[in-house]
Amino acid sequence: MDITTYAIDLTIKPTTFDLWHVCLAGTVAVLAGLLIVVMFMMLSSLLRRNEVAAPAVQIVEKVVHAEPVVQIVEKIVEVPVDRIVEVEKIIEKIVQAPAPAPIVLKESSPDAALQLLYLLQNDARFIDFIKEDMTEHSDEDVGMVARVIHEGCNKVLDEHFSFASICRENEGDKIVLSDGYDAAKVRVTGNIVGNPPFTGTVIHKGWQITDVRLPNTVQGYNVNIIAPAEVEL
Amino acid sequence: MSFFEQMKKKAVESAPNKPHKEGASSTEPIKQTAAESVSVKNDGDVSDSAPLKSDTVLASSKAPTESKTHDLSTSVINHSVGRKYAVGIDLGTTHCVMSYADITEGGDDFTQQVMGISQLTSPSVIEEKLQLPSFLYQAHSAELPENSIVLPWNAKPEYIVGEIARNLGSKTPIRLVSSAKSWLCHAGVDCKSPILPPDAPEDVKRISPFQATQAYLEHMSAAWLRLHPNAPLGDQDVVITVPASFDPAARELTVEAARSVGLGQAILLEEPQAALYSWIDQTHGEWRKQAKTGDIILVIDVGGGTTDLSLIAVTEKDGVLDLTRIAVGNHILLGGDNMDLALAYTVKAKIEKEGKRLESWQVQALTHGCRDAKEKLFSSQMTSVPIVVPSRGSSLIDGVLRSELTIDEVRRVLIDGFLPQVAVSERPVTQTRTGLRTTGLPYAQDAGITRHLAAFLAKQQNAADEFESINLPENATFLHPTAVLFNGGVFKAQALTERLMAVLNNWLRVENAPEARLLAGVDLDLAVARGAAYYGFVRKGKGVRIKGGTAASYYVGIESAMPAVPGMPPEIHALCIAPFGMEEGSQVELPDEEFGLVIGEQVRFKFFASTTRREDIVGTRLDYWQDDELSELNEIEVVLDTEGRRAGEIIPVHLGSAVTEVGTLELQAMSNVDSGRWKIEFDVRN
């Protein structure tokens, strides 16, 4: 046979319909079908991967606990197993390549802070007191006014925050910190050696806020003004 | 179509609840999917788990063990469509409080909560508070920053009410409307004419006490709607409290104000009764052990501006305890605010002795300081508390005003001043005031609450005569209460309740009667609103209901047919038109007394009330009565419309009265010749 006869001319249509052609067409169809199936599965699992963070493997584990009741699906499924396993591998690969979490620095919004200053000044004259030159006044005068300010500030704090102490033990009592204690809640100091559990003395019982009830403000409200000037007419 | 799509379809079909939206029905399908997956897996094919994954996302590792009912119940609570609430509104002189309970289920459980009312606390700042101060501020157009008066439900509220009004008004009293409620019951003023604030200069816009009441109710209604968008207040069982001493006109005005803001279904309840309902609610059924047949419960309700007294009898009927409100006191304008003011003036006098002059803002600051100091002195062992009024400028210490309040002063001023140890025969002192302005409220002249109490108990000595189980000794000079319930913030000071009990028990001892017990347990600030909400529940047929009806009998004054005597006004007879204790929903007529009314003309009657004449039936005609038996209320008025009739024509009518389900008194003139009926109005004031 001439070499040119091996060149593929796509325009040519088979003129004879023999077994070879049928086999060829069948093979092409099966391969194309397989390709489509694999592509589809990859695509669908990728899409689901985006929706759900749980790895596919976990689901397999989960289903083990349930009892087989419904048996509809087994009849239909004729897809060879190995291809499915392939898909799972792809999923696992995605799971195993987490992007390194970027370090985000949270910027505090000044609004709430200014609002608190407003409340402390408005209800308790806090800013007036702190900003006053104390060197000019006697301890007696300062103490007298401090009582008023202290009372007012306490009222403001109680009205807008719920306070709780972190340690139930009294200050000065012994405390045992078990392994895995929350280092954000308890700060150990001094002779920090060895491994938890640590035994120590409560120096400060700690404060935490359990509830915040700050007022709402109207759009366009200037939070920078914590005490308007007062002019009597 | 791929195999997988087919499979997915099939799998979805096999799990009927699959297309769920939220967690409501999550557990059921999860079990199914799990089952399917297993069956597939058993055949060595786990492909099924992938398409189902998105649906199983809701299943935590523990999910299959969670009960289905739990999920469903939470999803029901999340929407308030079709919910029904019992709402109590304490429309107080100085504060309003709202309390509510869900009564949709109709069960016997009743758990209520006090609603936080969103309100402005200063310009542009909105906070939720349990109390809405009953103040209204008429701001100058240039006074506040633009767009700073905004509410979550209204970008341009018509009135400034609540905490902000009180705060702004404390520095600019000429623009502050306060105590609107006391004005509603003030004889001699038209409550729908703009009279508040009474001391305002010309260019401050005045409003009527009625409008102020509307504004408070409207604010609460809107605050409610914001929290319960699917259950407007107009569709709930609303109970509004009024002082027991409110006259028919003031009750009518309150109901009218409620109607005008869409609360046409609201009904009225007397405040001392509300306090007792709250006590009943708080005892969780134990009240039947604490109260017994023959008890007379005295409710002493001292609010910010008023003192309200009521007597409630405990009787037994068919083995069940019955409660009947048998008497209410007069409208006494004397309350906790008077006490704080009295202390402030005591301290002011001390400071002025040192040669300093006080400005009005300093007196006000002193009042605040004294209120706190009083509470501290009463609740601790301290003998004196310093009172410091810092200067108004940014330097606190320069110009600071300093004094102290001692426990002896508090005892002298509050306990001996307001609760003097008097004999039960003493009566409040009244002096004829000279130059009394009609634009002011008729404040009580005698601050001695115990004297008012003595007068009340003596006047109501026969209030319980109709009950067989209650017998006073022969020599009794006053009605002997056997139990006392206190209400109102001033009674947080135990020293005051102790003194009142001591005085009362002293009176009882003199007449050899057993000492009265103290019924404790109500929240002194919130009890009235709570009791009102509980009353909404009681009206559904749950729990005990206090009976009572009208707290007075009512009379119209008619001129006697006598030859005119020069220089003498025609003699007035009082014709009973509504008897004492008339129940809600009942009505009476006086067919025998015929009046000729002129069409198109205004006809006025004198109108009287008596809280002691219990025996008078409708139609009783009095030609003589003791001064303290009948008290004259505002005149009532009827105008016969000319519709279908000739002006000037005289129509024979008779009078009738009805107590509405809402709790107001209605007077009517009914034609004797046709079916014409005309309402007789109360709220016409000179």
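Just so it is clear, the structure is predicted and the values come from calculations on it, not from any experiment.

Here we look at the overall build of chain A
Reasoning step 1: A tally of regular secondary structure across chain A gives 7 helices and 5 strands.
Reasoning step 2: In chain A, the order of α-helices and β-strands from amino to carboxyl end is α-α-α-α-α-α-α-β-β-β-β-β.
Reasoning step 3: When burial is assessed residue by residue, chain A has 9% of its 233 residues classed as buried.

Some points on the overall build of chain B
Reasoning step 1: The number of helices and strands found in chain B is 16 helices and 28 strands.
Reasoning step 2: A separation of at least 24 residues holds for 70% of the contacts in chain B among residues at least 6 apart in sequence.

Description of the confidence of the model for chain A
Reasoning step 1: Averaged over chain A, the pLDDT score is 78; the fraction of residues at 70 or greater is 71%.
Reasoning step 2: Across residues 52–90 of chain A, where pLDDT falls below 50, the model places 75 contacts with residues more than four positions away in sequence or in other chains.

A few points about the packing of helix α9 (residues 271–282) of chain B against helix α16 (residues 527–538) of chain B
Residue and element names in this part refer to chain B.
Reasoning step 1: Put simply, α9 and α16 touch, their axes get as near as 7 Å, and they point 75° apart. Here α9 is positioned roughly perpendicular relative to α16, judged by the angle of their axes. Only Ala527, Val528, Arg530, Gly531, Ala532, Tyr534, Tyr535 and Val538 of α16 make contact with α9, whose side of the interface consists of Glu271, Ala274, Ala275, Leu276, Tyr277, Ser278 and Asp281.
Reasoning step 2: Class assignment of the residues belonging to the contact of α9 with α16 gives a composition of 10 nonpolar, 2 polar and 3 charged.

What about the sheet that holds strand β28 (residues 677–680) of chain B?
All names here are of chain B.
Reasoning step 1: A sheet is described by the order of its strands in space; here 4 strands give the open sequence β22-β26-β27-β28, paired in antiparallel fashion. In this open sheet, the two strands that pair with only one neighbour each are β22 (587–598) and β28. Across the sheet, the mean angle from the axis of one strand to that of its neighbour is 30°, orientation sign disregarded.
Reasoning step 2: Pairing analysis gives 4 bridges linking strand β27 (residues 665–671) to β28, with the strands arranged antiparallel. For methionine 670, the partnering residue across the bridge sits in β28 and is arginine 677.

Looking at the sheet that holds strand β25 (residues 631–639) of chain B
Through backbone hydrogen bonds, the strands of a sheet pair up, either in parallel or in antiparallel fashion.
Residue and element names in this part refer to chain B.
Reasoning step 1: Overall, antiparallel pairing links the 5 strands, which are arranged β24-β21-β20-β23-β25 in an open sheet. Both edges of this open sheet fall to β24 (621–622) and β25, since each of them pairs with a single strand only.
Reasoning step 2: Relative to β25, strand β23 (residues 602–610) runs antiparallel, the two being bridged by 7 bridges. Each residue of the ladder has a partner; that of alanine 609, found in β25, is serine 631.

A few points about helix α14 (residues 449–459) of chain B
All names here are of chain B.
Reasoning step 1: Burial within α14 is extensive, with 9 of its 11 residues counted as buried.
Reasoning step 2: Considered for burial, the residues of α14 that qualify are Ile449, Thr450, Arg451, His452, Leu453, Ala454, Ala455, Phe456 and Leu457.
Reasoning step 3: Buried residues along α14 sit against β13 (307–317), α13 (407–418) and α15 (494–510).

Description of the pairing of strand β21 (residues 572–578) of chain B
Residues and elements named next belong to chain B.
Reasoning step 1: Most of β21 is tucked away: 5 of the 7 residues are buried.
Reasoning step 2: Taken together, the 2 bridges between β21 and β24 define a ladder with antiparallel strand orientation. From the neighbouring strand, leucine 575 faces β24, where its bridge partner is arginine 621.

A closer look at unusual backbone geometry
Reasoning step 1: The omega torsion across proline 196 of chain A and proline 197 of chain A is 0°, close enough to zero to call that bond cis.
Reasoning step 2: Take proline 197 of chain A: it is sitting in the loop between β2 (174–177) and β3 (198–201).
Reasoning step 3: Here serine 179 of chain B, not a glycine, exhibits a phi torsion of approximately 50°, which is positive.
Reasoning step 4: Following the sequence through the fold, serine 179 of chain B ends up in the loop between β9 (176–177) and α6 (180–184).
Reasoning step 5: C-beta crowding within 10 Å serves as the criterion here: with 22 such atoms nearby, serine 179 of chain B is assigned to the buried category.

Structural notes on the environment of valine 87 of chain B
Residue and element names in this part refer to chain B.
Reasoning step 1: Structurally, valine 87 can be placed in strand β1 (residues 85–91).
Reasoning step 2: The exposure class of valine 87 is buried, given the 28 C-beta atoms found within 10 Å.
Reasoning step 3: In this structure valine 87 touches Met98, Tyr100, Leu233, Gln236, Asp237, Val238, Ala533 and Gly536, once residues within four positions along its chain are discounted.

A word on helix α5 (residues 163–171) of chain B
Reasoning step 1: Along α5 of chain B, the residues that are buried comprise Glu163, Ile164, Ala165, Arg166, Leu168 and Gly169 of chain B.
Reasoning step 2: In this structure, the buried side of α5 of chain B is in contact with β4 (117–122), β5 (125–129), β6 (131–133), β7 (136–137), β8 (160–161) and β9 of chain B.

Re the packing of helix α5 (residues 110–124) of chain A against helix α7 (residues 139–160) of chain A
A packed helix pair is summarised by two numbers, namely the angle formed by the two axes and the spacing between the axes.
All names here are of chain A.
Reasoning step 1: Interaxial distance between α5 and α7 falls to 9 Å at its minimum, and their mutual angle equals 135°. If you check the angle between α5 and α7, you find them oblique. The handedness of the crossing between α5 and α7 is right-handed. In this structure, α5 uses Leu119, Leu120, Asp123 and Ala124 to contact α7, whose residues at the interface are Ile149, Gly152, Cys153, Lys155, Val156 and His160.

Rules and cut-offs
- Residues numbered from 1 in each chain as written.
- Chains lettered and ligands numbered in written order.
- Predicted model: local features only at pLDDT ≥ 70, side-chain atom pairs only at ≥ 80, totals over all residues.
- Helix = DSSP H or I, 4+ residues; strand = E, 2+ residues; numbered from the N terminus.
- Buried ≥ 20, exposed ≤ 12 C-beta atoms within 10 Å, placed from the backbone.
- Contact = placed C-beta atoms within 7 Å.
- pLDDT = per-residue confidence, 0-100.
- Axes fitted to C-alpha atoms, helices over the stretch in contact; angles between N-to-C directions.
- Parallel < 35°, antiparallel > 145°, perpendicular 65-115°, else oblique.
- Nonpolar A, V, L, I, M, F, W, Y, C, P; charged D, E, K, R; others polar.
- Pairing = 2+ DSSP bridges.
- Left-handed = near helix turned anticlockwise from the far one by under 90°.

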